[in-house]
Amino acid sequence: MQTRSAIVHSVPGKYEVVDLELEEPRQGELMVEVAAAGLCHTDDHVATGDMPVGKYPWCGGHEGSGVVVQVGPNTPGWREGDHLVFSPTGPFCGRCRWCASGYSTLCDSAANLLDGDRWDEPGSFRMTLDGQPVGQMCGVSTFSAHTTVAAEACLKVDDDLPLDVLGILGCCVGTGWGSVVNCSGARPGDTVIIMGIGGIGINAVQGAKHISAGTIIAVDPVAFKLRKAREFGATHTFASIEEAGEFARSVTGGHGADATIVTVGVTTPEHVSQAYTTIRKMGTLVLTGLGDLSAAGARIPLGDLILGQKRIQGNIYGACSPGRDIPRQIQMYRDGVLKLDELITTRYPLDDVARAYEDMHAGKNLRGLVVHNWA
Ligand SMILES: NC(=O)c1ccc[n+]([C@@H]2O[C@H](COP(=O)([O-])OP(=O)(O)OC[C@H]3O[C@@H](n4cnc5c(N)ncnc54)[C@H](O)[C@@H]3O)[C@@H](O)[C@H]2O)c1
Ligand SMILES: [Zn+2]
Ligand SMILES: [Zn+2]
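As the structure is a computational prediction, the values presented were derived from the model and not from experiment.

Rules and cut-offs
Residues numbered from 1 in each chain as written. Chains lettered and ligands numbered in written order. Predicted model: local features only at pLDDT ≥ 70, side-chain atom pairs only at ≥ 80, totals over all residues. Heavy atoms only, no water. Helix = DSSP H or I, 4+ residues; strand = E, 2+ residues; numbered from the N terminus. Rg over C-alpha atoms; globule rule 2.2 N^0.38 Å. Buried < 20%, exposed > 50% of the residue type's maximum accessible area, 1.4 Å probe, protein only. Pairing = 2+ DSSP bridges. Axes fitted to C-alpha atoms, helices over the stretch in contact; angles between N-to-C directions. Expected span 1.5 Å × (residues − 1). Contact = heavy atoms within 4.5 Å. Donors = N, O, S within 2.8 Å, 3.2 Å for Na, K, Ca; no water. Tetrahedral: all angles 85-135°; square planar, octahedral: opposite > 155°, others 65-115°. Disulfide = S-S within 2.5 Å. Near = heavy atom within 4 Å. Polar contact = N/O pair within 3.5 Å; in protein donor to acceptor, adjacent residues only side chain to side chain. Areas by Shrake-Rupley, 256 points an atom, 1.4 Å probe, with all protein chains shown as cover. Parallel < 35°, antiparallel > 145°, perpendicular 65-115°, else oblique. Nonpolar A, V, L, I, M, F, W, Y, C, P; charged D, E, K, R; others polar.

K.L.:
Is there a simple way to explain the overall build of the protein in this structure?
P.N.:
The helix and strand tally for the protein stands at 11 helices and 18 strands. What you see for the protein is a C-alpha radius of gyration of 20 Å, in line with the 21 Å of a compact globule of 375 residues. With respect to the three principal axes, the spread of C-alpha positions in the protein is 65 × 45 × 40 Å. By residue count, 58% of the 375 residues in the protein fall in the buried class.

Structure below.
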């Protein structure tokens, strides 16, 4: 069938909406009518070329939610009409060392997530444009009115929940929240700095609140972001990491932050160098933000790192396990503990994806959301 989708033809480029051809689901796959798609900065990294992918044109979007419209043959457990959230770090095999230890986001099979083809059948695509294959972001492509995906990349959700809002659970919420809850080692009463208050950073603020951090310091050059950070639980806000580091030392007897989380939109080695200076002995620097994936050269003084017994922690999807953590997050949302509705600043029709990314760069949104079927 034909479907409307936002693609980048080549990089550097911008998302452009086209009609492309979508294949029916094969065994183990679902065709989904996408309800909503979160506008994560990572899809912009693909458009700028900072994050190279395996096949152009490329259909973007990895956060999202939708409704099953067709179930592939011999695909148990799914029915037409089921509501779901996409899990962009899935599908996962369930058998490798990482899956077996509860780290399905590190599954060996997910190594080709940015190739755009089927995770279990390299070279096999489900989208085409003028007869040429189109790569699918994380095998998902939520910037498309309809998409065909592996059933393992989907999590069923109750249909009484607002489906559009759940669209941001697959990346934005878990990545930020888990950056603190799962990756930072921060404890109740600790001092936590979050550098960069976009969709990811604001959820790190929520995570810091959930672990009862004592001092939650938000850093962003944009005043609107700092105002929002206060609403979500930040106790102090600063426009620069230098001021935040100085403040953290002033409230910890000169030691510094127990943990600093880097969630800057285009993270550079310079940001990492700056953030490193804010952590205390045995403190943790969590690196969540992405930029040029080939970048190197952050200044980490080795003596200070080694003799201060400090930790630098990478992170994909906040070290959340989708099958475990998305249902927990939904329960916290039902209980009023996790804010989701308040994360969405602006809703856009699919045709406005490029404008939505301009708004993101202009600092206008905590999170933008594409709503398909825009009335
Ligand atoms: N590791 C992962 O699994 C993972 C998952 C999702 C997103 N990401 C990455 O996380 C980053 C954040 O994503 P997002 O969607 O929240 O982006 P965003 O653009 O919405 O937010 C980034 C924020 O950083 C701020 N910023 C820019 N320069 C800064 C500086 N020097 N100091 C402090 N703040 C600064 C911006 O004003 C903005 O508010 C992106 O690089 C994205 O690709 C990583
Ligand atoms: Zn695996
Ligand atoms: Zn993302």
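K.L.:
What am I meant to see in the sheet that holds strand S11 (residues 191-195) here?
P.N.:
Hydrogen bonds between backbone groups are what pair the strands of a sheet, and the pairing can be parallel or antiparallel. Taken together, the 6 strands give an open sheet; going across it, the order is S13-S12-S11-S14-S15-S16, and neighbouring strands pair in parallel fashion. In this open sheet, the two edge strands, each paired with only one partner strand, are strand S13 (236-238) and strand S16 (311-314). Pairwise comparison of adjacent strand axes, ignoring direction, gives a mean angle of 15 degrees for this sheet. Across 4 bridges, the pairing between strand S15 (residues 279-287) and S16 is parallel. Opposite valine 286, over in S16, you have glutamine 313 as the bridge partner.

K.L.:
Is there a simple way to explain helix H5 (residues 199-210) in this structure?
P.N.:
Its 12 residues place the ends of H5 17 Å apart at the C-alpha level, agreeing with the 16 Å of an ideal helix rising 1.5 Å per residue. Of all 12 residues making up H5, 10 are buried, and the element is well covered by its neighbours. When we look at burial in H5, the residues that qualify are Gly199, Ile200, Gly201, Ile202, Asn203, Ala204, Val205, Gln206, Gly207 and Ala208. Of the surrounding secondary structure, the elements contacted by the buried residues of H5 are helix H4 (169-181), S11, strand S12 (215-219), helix H6 (223-232) and strand S18 (367-371). Phi for serine 212, located one or two positions after H5, is positive at around 60 degrees.

K.L.:
Explain the coordination of the zinc ion (ligand 3) to me, please; I cannot follow it from the model alone.
P.N.:
For a metal with four tetrahedral donors the ideal donor-metal-donor angle is 109.5 degrees, whereas six octahedral donors ideally subtend 90 or 180 degrees. Ligation of the zinc ion (ligand 3) by protein atoms is provided by Cys40 (SG), His62 (NE2) and Cys171 (SG), these donors lying 2.0 to 2.3 Å from the ion. Donor residues for the zinc ion (ligand 3), ordered by position in the chain, follow C-x21-H-x108-C. With cysteine 40 in the loop between strand S3 (29-38) and helix H1 (41-48) and histidine 62 in the loop between strand S4 (58-59) and strand S5 (65-71), this pair connects stretches of sequence that are 22 residues apart. Assessed through its relative accessible area of 4%, histidine 62 is described here as buried.

K.L.:
What is the right way to look at the coordination of the zinc ion (ligand 2) in this model?
P.N.:
Distances from the zinc ion (ligand 2) to its protein donors, Cys93 (SG), Cys96 (SG), Cys99 (SG) and Cys107 (SG), fall at 2.3 to 2.4 Å. Taken together, the 4 donor atoms coordinating the zinc ion (ligand 2) and their angles of 103 to 116 degrees define a geometry best described as tetrahedral.

K.L.:
How should I be thinking about the sheet that holds strand S7 (residues 127-129) in this particular structure?
P.N.:
Sheet architecture is closed into a barrel: 5 strands sit in the order S1-S2-S7-S8-S4, paired in mixed fashion. Relative to S7, strand S2 (residues 16-22) is paired through 2 bridges, and the arrangement is antiparallel. In the sheet register, leucine 22 faces S7, and the bridge partner there is methionine 127.

K.L.:
I would appreciate a short explanation of the pairing of strand S6 (residues 83-86) in the present structure.
P.N.:
Side-chain direction in a regular strand flips from residue to residue, so the side chains alternate between the two faces of the sheet. On S6, burial covers both faces: His83 and Val85 on one face and Leu84 and Phe86 on the other are all buried. By the bridge criterion, 3 bridges tie S5 to S6 in an arrangement that is antiparallel. Across the sheet, residue glycine 66 finds its bridge partner in S6, namely leucine 84. Here S6 pairs with strand S10 (residues 154-157) via 4 bridges, running antiparallel. Bridge pairing in S10 places histidine 83 opposite valine 157.

K.L.:
What's the story with the state of the cysteines in this structure? I'm lost.
P.N.:
Each disulfide consists of a covalent bond between the sulfur atoms of two cysteine residues. Tallied over the entire structure, the rule returns 0 disulfides. In this model cysteine 59 remains outside any disulfide bridge; the closest cysteine sulfur is found in cysteine 138, 12 Å from its own.

K.L.:
Got a minute to help me understand the site of ligand 1 in this structure?
P.N.:
Close to ligand 1 lie 29 residues; His41, Thr42, Asp220, Gly265 and Arg367 are nearest. Between ligand 1 and isoleucine 200 there is a distance of 3.0 Å, counted from an oxygen atom to a backbone nitrogen or oxygen. Taking valine 264, its main chain carries an N or O atom lying 3.4 Å from an oxygen atom of ligand 1. Relative to its unbound accessible surface of 870 Å², ligand 1 loses 87% to contact with the protein. Of all elements in the fold, only H1, H4 and H5 reach the threshold of two or more residues within the shell around ligand 1.

K.L.:
I tried to follow unusual backbone geometry on my own but got confused; where do I start?
P.N.:
Comment: phi is negative for the bulk of residues other than glycine, and the bulk of peptide bonds are trans. The residue after valine 11, namely proline 12, is reached through a cis peptide bond having omega -5 degrees. Position of proline 12 relative to the elements: it lies in the loop between strand S1 (2-8) and S2. Backbone torsion omega between tyrosine 56 and proline 57 reads 0 degrees, so that peptide bond is classified as cis. In this structure, proline 57 sits in the loop between H1 and S4. Backbone geometry places cysteine 138, a non-glycine residue, at a positive phi of 55 degrees. You can see cysteine 138 is positioned in the loop between strand S8 (132-136) and strand S9 (146-150). Despite not being glycine, serine 212 has its phi angle at roughly 60 degrees, a positive value. Note that serine 212 resides in the loop between H5 and S12. Looking at serine 212, the relative accessible area reads 44%, which means it is partly exposed.

K.L.:
What exactly am I supposed to notice about the packing of H1 against helix H11 (residues 353-361) here?
P.N.:
Between two packed helices, what matters for the description is the angle formed by their axes and the separation of those axes. Contact pair H1 / H11: the axes reach a minimum separation of 11 Å and the direction vectors enclose 110 degrees. In terms of axis orientation, H1 runs roughly perpendicular to H11. In this structure, H1 uses His41, Asp43 and Asp44 to contact H11, whose residues at the interface are Tyr357, Met360 and His361. Its residues placed into classes, the contact of H1 with H11 shows 2 nonpolar, 2 polar and 2 charged.

Function cannot be inferred from these measures alone, as they are strictly geometric.
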